[in-house]
Amino acid sequence: DTAVSQTPKYLVTQMGNDKSIKCEQNLGHDTMYWYKQDSKKFLKIMFSYNNKELIINETVPNRFSPKSPDKAHLNLHINSLELGDSAVYFCASSRAPNEKLFFGSGTQLSVL
Amino acid sequence: QQQVKQSPQSLIVQKGGISIINCAYENTAFDYFPWYQQFPGKGPALLIAIRPDVSEKKEGRFTISFNKSAKQFSLHIMDSQPGDSATYFCAASKSSARQLTFGSGTQLTVLP
């Protein structure tokens, strides 16, 4: 049983397209996150939801929009993809903000 | 922006040797210092964590050393094994915060 699962694992798309990444956790956690890992491995938080409420919204272009339909799901929609969006996107969850993070396996996004 | 500075960026160690990764922080309010381990193609996973009421914490071959006055903490991997080859991230946060501040990562390679 995968604790935090995200799909797809790989996403290759053209500039200008719109794409979504889905995330689900079966840990019963209240808090979910999206992180971006660039080519130098640097991990940067993008968004965090606690009980379906947005609590962290870092400086991220408006083209990125998270959606949390329920506590177990946090999806990421990206409009008008740009070359610089190419990265690995990780979903994570924790029991509460600032507690142990459980990460998914990542979605490698390549924008051509 | 609050920072956690991590060094070295990469580290090569012979099997059986000691791997040491260092981190320094600026915010004296930080009171939680975890280390995450990331294997290729996987998300980071919590390895070990320490709070500033102790100067050292050991779990198996992994030890965190914490120096509150110097605002530094380090990860020591004793008897390093090829299976320890991964990227290691230090992080820090304060109890009232909603997120971790990650270091830039150290790519460890343990040669057989």
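These notes cover the structure that comes with them. (Residues numbered from 1 in each chain as written. Chains lettered and ligands numbered in written order. Predicted model: local features only at pLDDT ≥ 70, side-chain atom pairs only at ≥ 80, totals over all residues. Heavy atoms only, no water.)

Describing the state of the cysteines
Between two cysteines, a covalent bond joining their sulfur atoms is known as a disulfide. The condition is simple: Whenever a pair of cysteine sulfur atoms sits within 2.5 Å, that pair is classed as a disulfide. Comment: elements are numbered from the N terminus, with helices defined as DSSP H or I runs of at least four residues and strands as E runs of at least two. Burial status follows relative accessibility: with a 1.4 Å probe on protein chains alone, a residue under 20% of its type maximum counts as buried, one over 50% as exposed, and anything between as partly exposed.
In the structure shown here, the tally under the stated rule is two disulfides over all chains. With a sulfur-sulfur separation of 1.8 Å, Cys23(A) is cross-linked through a disulfide to Cys91(A). Because the torsion about its S-S bond is -75°, the bridge between Cys23(A) and Cys91(A) counts as left-handed. Here Cys23(A), found in strand β3 (residues 19-25), pairs with Cys91(A), found in strand β9 (residues 87-94); they are 68 residues apart in sequence, far enough to count as distant. Considered together, Cys23(A) and Cys91(A) belong to a single accessibility category, that of buried residues. Across a sulfur-sulfur distance of 1.9 Å, Cys23(B) and Cys90(B) are joined as a disulfide pair. Taking the torsion about the S-S bond as the criterion, the Cys23(B) to Cys90(B) disulfide, at about -95°, is left-handed.

Some words on the pairing of strand β8 (residues 72-77) of chain B
Every regular strand shows the same layout, with side chains that alternate between the two sheet faces. Residues and elements named next belong to chain B. Quick note on the threshold: Pairs of strands are assigned from DSSP output, requiring at least two bridges between the strands.
Here strand β3 (residues 19-25) runs beside β8; their pairing, made up of six bridges, is antiparallel. By the bridge assignment, Ala-24 is partnered in β8 with Gln-72. Where strand β7 (residues 62-67) meets β8, six bridges bridge the pair, whose relative direction is antiparallel. Directly across from Phe-62, in β8, lies its bridge partner Ile-77. Hairpin geometry of β7 and β8 is characterised by an intervening segment of four residues between the two adjacent antiparallel strands and by a positive phi of about 55° at Lys-71.

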